[in-house]
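Given next are the chains, with one letter for each unit.
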Amino acid sequence: MNTQKCLLFVGLDEQQVQDLCNKLTEVQYEKDSVVFSEGDSGDALFIITEGTLKVTKKMPGDQEVVVAKLKEGDFFGDMALLTGAKRTTSCTLETDGKFLRFDSAVFKDLHQTSLKAYSVIQKNLGRRVSQRLSHTTEELCYLVSAMMDEEIDEKLNSELITNIIDKCKEEYEKIVTTLQTPRVSYDDIDEMATSAEDFEVDESHKELQVSFDTLTNSPVFSGLSVDSIKQLRPFFEVHQLMDKDLVFAEGGVGRAAYFIKEGKVKISRLGCDDVEVPIAELGEGEVVGEMSLISAAPRSAHAEAIKDTVVWRLSAFGFETLEEKDLDLYTNVLVNLNAIMCERLAKATQSAVDAFKELLEIEKADLSEKDCLEKLRKCSQSIFAKYL
């Protein structure tokens, strides 16, 4: 296998890939062997050099579904390097197989011995997490909008309730399958960024200066000194928005993150039948659109000001420039971004699991159509409350 073609190593040169692979452990498994099981502690990532395997996940009700099939060149178990969290799926060989085992201890050592290689892999892992988070958020919105369907109120009957529960189950299964990201080239994603999002900058607000009082409390800059954060000053732009002004649109190419200095921003996206699903309202000190600093994939949600608001805009281009000027600072911010996305992905996945369990309870309970509808509504309202 040509390891340089593995998406984990995109951005590393041939020598860097070879040096890193020399630190990895070659392992072999026979057909039907289990590499790891759901619930196991996570301590390594695996790269397939030969063979195929299936990834499965347990569903509420003791069902088990196949969420992905992987082959040579794919890698799996990556959350172990980022968080060390317990395994969320099981991986079983369909053929005899060979792998490169990338232990978390080797990854930590890489931080000390080759900061550039470490930062590249952090970015590639972050891109993968951002794709999963985007897909999971999308399916959660479809799940919520299915429960919010206004036609239920007008045509309430047991058959309609059954249909809507079945639809919600389908959306949950789609969420489960996002645990394994579709094969999308990171280079292809970057090429989508043909133009950055632009504000019509009001020249009268040019005197606004970036103040870092609030930024020091942002999880994006966790662990950084005030002096380190001040080095980012040249990369920020200040923008003042009026009520209902657009920050960014769902589906647009994301090339900037926005830190809220004052005011509020509403996050939403379209679900089934173009129903708008509110996700969150964010305020002072919070950040929106941070995934765009890692990947130029389309925006997964819509963001607009819901009162007069001041934001600091950090462009992906500026963030990439920081990589060249201060690799250590860049890497620290990158690690924080990945931690934020991993936490959100874990919450989103758990929110979907909890919702599915509630659906099973609603389905089994002997409820009137009205009571069933009320429980569905409550379930939909709790999904993003738990997520965020």
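Q: Please clarify how the packing of aromatic side chains should be interpreted in this entry.
A: To describe a pair of aromatic rings, one takes the distance between the centres and the angle between the planes. Under the criterion given, the structure shown has twelve aromatic pairs. Summarising the aromatic geometry, the rings of F46 and F99 are spaced 6.3 Å apart at their centres and angled 85 degrees between planes, so their arrangement reads as edge-to-face. Within this pair, whereas F46 is found in strand β3 (residues 44-50), its partner F99 is found in strand β8 (residues 97-103), the two being separated by 53 residues in sequence. The class for F99 is buried, based on a relative accessible area of 2%. Through successive ring pairs, a cluster of aromatic residues spans Y29, F36, F46, F76 and F99. Its guanidinium or amino end placed over the ring of F75, R128 lies 4.1 Å from that ring's centre, counting from NZ or CZ. We note R299 situated over the ring of F248; from NZ or CZ to the ring centre the distance is 4.0 Å.

Q: So what exactly am I meant to see when it comes to unusual backbone geometry here?
A: For residues other than glycine, phi is negative in most cases, and the peptide bonds are mostly trans. If you check the backbone angles, D32 has positive phi at about 75 degrees while not being a glycine. Note on placement: D32 falls in the loop between β1 (25-29) and β2 (34-36). Judged by its relative accessible area of 55%, D32 falls in the exposed class. We note that K244 has phi near 75 degrees; this positive angle belongs to a residue other than glycine. Tracing the backbone shows K244 in the loop between β9 (236-241) and β10 (246-248). On the accessibility criterion, K244 (60% relative accessible area) is exposed.

Q: I keep staring at the confidence of the model for the protein and nothing clicks. Help me out?
A: Low pLDDT means the predicted coordinates in that region are not meant to be read closely. Scored by pLDDT, the protein comes out at a mean of 81, with 80% of its residues at no less than 70. Per-element confidence in the protein ranges from a low mean pLDDT of 42 for helix α7 (residues 186-191) to a high of 97 for β1. Note that pLDDT drops below 50 for residues 181-208; the model gives that stretch 53 contacts with residues more than four away or on any other chain.

Q: What is the right way to read the environment of E304 from this model?
A: Mapped onto the fold, E304 is located in strand β15 (residues 302-305). In sequence terms E304 and K244 are 60 residues apart; their C-alpha atoms lie 5.7 Å from each other. Not counting chain neighbours up to four residues away, the residues in contact with E304 comprise K244, D245, L246, V247, K264, V265 and K266.

Calculation rules
Residues numbered from 1 in each chain as written. Predicted model: local features only at pLDDT ≥ 70, side-chain atom pairs only at ≥ 80, totals over all residues. Heavy atoms only, no water. Phe/Tyr/Trp six-rings, centres within 6.5 Å; stacked < 30°, edge-to-face > 60°. Helix = DSSP H or I, 4+ residues; strand = E, 2+ residues; numbered from the N terminus. Buried < 20%, exposed > 50% of the residue type's maximum accessible area, 1.4 Å probe, protein only. Lys NZ or Arg CZ within 6 Å of the ring centre and 35° of its normal. pLDDT = per-residue confidence, 0-100. Contact = heavy atoms within 4.5 Å.

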